[in-house]
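# A structural walkthrough
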Amino acid sequence: MTLLTVTINGRAYGPREVRDELTMNDFLREYLGMTGTKFGCGAAQCLSCAVIVDDPQGTSYTSPTCVVPAASFNGKSIRTVEGHAKNGELTPLQKAFIEHFAFQCGYCTAGFLNESQVLLERLAKKPVARADLDKTIAEALDGHLCRCTGYIKYHEAVRAVILADPNRYLF
Amino acid sequence: MRSNLRVPLSVAIVILSANVLAAPAALDAPPDGLASVESFSSIGDRAARSAAIFNELGKVLTHPRCLNCHPAGDRPRQGDMARLHQPPVERGVDGFGLPAMRCPICHLKANFDPAGVPGNPIWHLAPREMAWEGKTLHDICVQIKDPARNGNRSLDALIEHIGEDHLVGWAWAPGYGRQPAPGTQKQAGALVEAWVKTGAECPN
C-alpha cells in the first residue's frame, strides 16, 4: 500500500491509501468518479487515458494512466479533461474542437485535448517556424487513436488555435 | 502430401549426430539455460574455445529481451515475438524517446505487472550504433569489441556491463508474460569473462 497525495486540476487529493497495483486510471474513474479520463485499450496504445502532468520546472507533458500505477503520481500535479474549462467557459482549444467538429463519439477527445494543450504550452515557450507547424502538430498528436477518423479535424482545430495567435506560437 | 513432410529416420540421425558433434560444449546447458564456462574446457584450441563461449553467450545477446532494445531502426520492439513497440515510440536524441513520449512516462522504476509494463530506473534504447537486430552473431561479436560501437567500453568493462549492469539484469527478471533471457546474469557475466580471457575470438 502507498499513501497517495496528488493535486488534480489544482485541488489536493489525499493522503489516501492505495494498493500498489491500482492504476491511475482506476483511481481517477473509480475512486474519484472523474470519468472524463477514458479507459480504452488498457495498454497505452490509444492514449484516450492520457492526462497532463505539470512538472516543477514549469513544463508539462502527457502520461497515459491505464498502465501506470496511481502510486507513481504521489506528490505530482496533474490536469484532466475536467480541468480545462474555467467557470463554465471553454478554452479556445475546446471551442475549436467544437467548431471544427473534431470529434464524433468523443471517446478519444480527452486524450487529444490534453495532448493539444501540452503542445500549445510548449509552443508558447518555444515557438516554431510557420513552415514547420503542420509537422509539429502531426508529431504531437501522433499515437492518439480515433476510430471515427477525426484526425484531420483535430489537426485543423489545433492549427486554427495556433494561427489565431501567431505571435505567441510561431516565428 | 503427408509422406513428403516426413524426414527419413536415417537423415534425422545424421542431422542429430552432426549437431551434437558440432556443439559438445553446450551439452550441459539445461533447457533455456546457459552452459557453464567449465564445460568448454574440453576444447583444446584456445581460439576455438573462445569462439564457442561467445556462441553460447549469443543465446543471451540474440534473445528478444536484449534485441528488442538494440533495434536496427529508431523504434524498439516488444514481446517475445519482437513486434514493433506500441504505442509507436521512437528513440529520440538521447535514446529516452521523443519529447512527447518519453520512455520513463510509462516505464517506471520497476515492472508494473498489472498492466504488463516492464520497468527500470533508466529504461531506454541502446544507441543506434549498438544495434544488433538483423545481424549475425559474428557481426555482433565484432561490433561488441569495437569501442566506437559498444558504448566506448573496454573488454573488461563488457564483463561488468553484461554481468552486473542493472538494466541488462532486467532481461532475467522481465516480469509477467515475458520469457527471461537464458540462464542467469551471473552465468552470462562468467561467459563474457571467459571469452575475454581466451582472446575474445569471434565465431565464424
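To be clear, the structure that these remarks concern was listed above.
Residues numbered from 1 in each chain as written. Chains lettered and ligands numbered in written order. Predicted model: local features only at pLDDT ≥ 70, side-chain atom pairs only at ≥ 80, totals over all residues.

### Quick notes on the overall build of chain B
Heads up, the condition is: Each helix corresponds to a stretch of at least 4 residues labelled H or I by DSSP, and each strand to a stretch of at least 2 residues labelled E; elements are numbered beginning at the N terminus. Residue pairs qualify as contacts under a 7 Å threshold applied to their C-beta atoms, which are placed from the backbone.
Helix and strand counts for chain B come out as eight helices and four strands. Counting from the amino terminus, helix and strand elements in chain B follow one another as α-α-α-β-β-β-β-α-α-α-α-α. Once local pairs closer than 6 in sequence are excluded, the contacts in chain B between residues at least 24 apart make up 55%.

### Quick word on the overall build of chain A
Stated precisely, the cut-off is as follows: As a reference, a globule follows 2.2 Å times the number of residues to the power 0.38, and the radius of gyration itself is taken over C-alpha atoms. Residue burial here comes from a neighbour count, namely the number of other C-beta atoms, placed from the backbone, that lie within 10 Å of the residue's own C-beta, with 20 or more meaning buried, 12 or fewer meaning exposed, and in between meaning partly exposed.
The helix and strand inventory of chain A stands at six helices and five strands. For a compact globule of 171 residues, the expected C-alpha radius of gyration is about 16 Å, and chain A comes in at 16 Å, within 12% of that figure. Each of the three principal axes of chain A carries a C-alpha extent, and together these read 50 × 35 × 30 Å. Taken across its 171 residues, chain A has 40% of its residues classed as buried. When contacts within chain A are restricted to residue pairs at least 6 apart in sequence, those whose partners lie at least 24 apart make up 66%.

### Some details on the environment of A:K126
All names here are of chain A. Tracing the backbone shows K126 in the loop between α3 (109-125) and α4 (133-141). For K126, a count of 10 C-beta atoms within 10 Å corresponds to the exposed category. In sequence terms K126 and V67 are 59 residues apart; their C-alpha atoms lie 30 Å from each other.

### What to know about the sheet that holds strand β1 (residues 2-8) of chain A
Residue and element names in this part refer to chain A. Heads up, the condition is: Between any two strands, at least two bridges found by DSSP are needed for them to pair. Angles shown run from 0 to 180 degrees and are taken between the N-to-C directions of axes, each axis being a line fitted to C-alpha atoms and, for helices, limited to the stretch in contact.
One open sheet holds the five strands; their spatial order is β2-β1-β5-β3-β4, and the pairing between them is mixed. Two strands close off the open sheet at either side, each with one partner strand: β2 (11-18) and β4 (60-63). Neighbour to neighbour, the strand axes of the sheet diverge by 35 degrees on average, direction disregarded.

### Observations concerning helix α6 (residues 155-164) of chain B
Residue and element names in this part refer to chain B. Formally: Here the arc refers to the set of directions running from the helix axis out to each C-beta atom.
Those residues of α6 not exposed but buried are L158, I159 and I162. Axial view of α6: buried residues confined to an arc of 105 degrees, hence all on one face. Facing away from the buried side of α6, by more than 90 degrees, are the exposed residues D156 and E164. Each element contacted by the buried residues of α6 is listed here: α5 (137-144), α7 (166-169) and α8 (185-197).

### Digging into the interface of chain A and chain B
By convention, interface size is frequently given as the accessible area that disappears when the constituent parts associate. On the side of chain B, 12 residues touch chain A, which itself brings 17 residues to the contact. Of all the secondary structure elements, the ones that give two or more residues to the side of chain A that touches chain B are β4 and α4 of chain A.

### Here's the deal with α3(A)
All names here are of chain A. Short version of the rule: What a helix is expected to span follows from its residue count: subtract one and scale by 1.5 Å.
In a regular helix each residue adds 1.5 Å, so 17 residues correspond to 24 Å; α3 covers 24 Å between its end C-alpha atoms and thus fits that length. With 12 of 17 residues buried, α3 lies mostly within the body of the structure. For α3, the full list of buried residues reads T109, A110, G111, F112, L113, N114, E115, S116, Q117, V118, L119 and L123. Packing partners of the buried residues in α3 comprise β3 (51-54), β4, α2 (92-99), α4, α5 (151-163) and α6 (166-169).

### Details of unusual backbone geometry
Here the residue pair A:G14 and A:P15 is connected by a cis peptide bond, since its omega of 10 degrees sits within 30 degrees of zero. Relative to the helices and strands, A:P15 resides in strand β2. Here the amide bond leading from B:Q86 into B:P87 is cis, since omega sits at 0 degrees, within 30 degrees of zero. As for its position among the elements, B:P87 is in the loop between β2 (83-84) and β3 (97-98). Despite not being glycine, A:F101 shows a phi value in the positive range, around 45 degrees. Here A:F101 shows up in the loop between α2 and α3.

### Some remarks on the nonpolar core
Definition in use: Nonpolar core, as used here: buried Ala, Val, Leu, Ile, Met, Phe, Trp, Tyr and Cys residues forming one set through C-beta atoms within 7 Å.
The biggest cluster of nonpolar side chains holds 50 residues, and the ones touching the most others in it are A:V67, A:A70, A:F97, A:A157 and A:V158. Where this core is concerned, the elements lending two or more residues are β1, α1 (24-31), β3, α2, α3, α4 and α5 of chain A together with α4 (103-106) of chain B. For A:A70, the residues in contact, after removing those within four places along its chain, are A:L4, A:V18, A:L22, A:T23, A:M24 and A:F27. If you look at the next biggest cluster of nonpolar residues, it comprises 29 residues, including B:L34, B:W132, B:I140 and B:I159.

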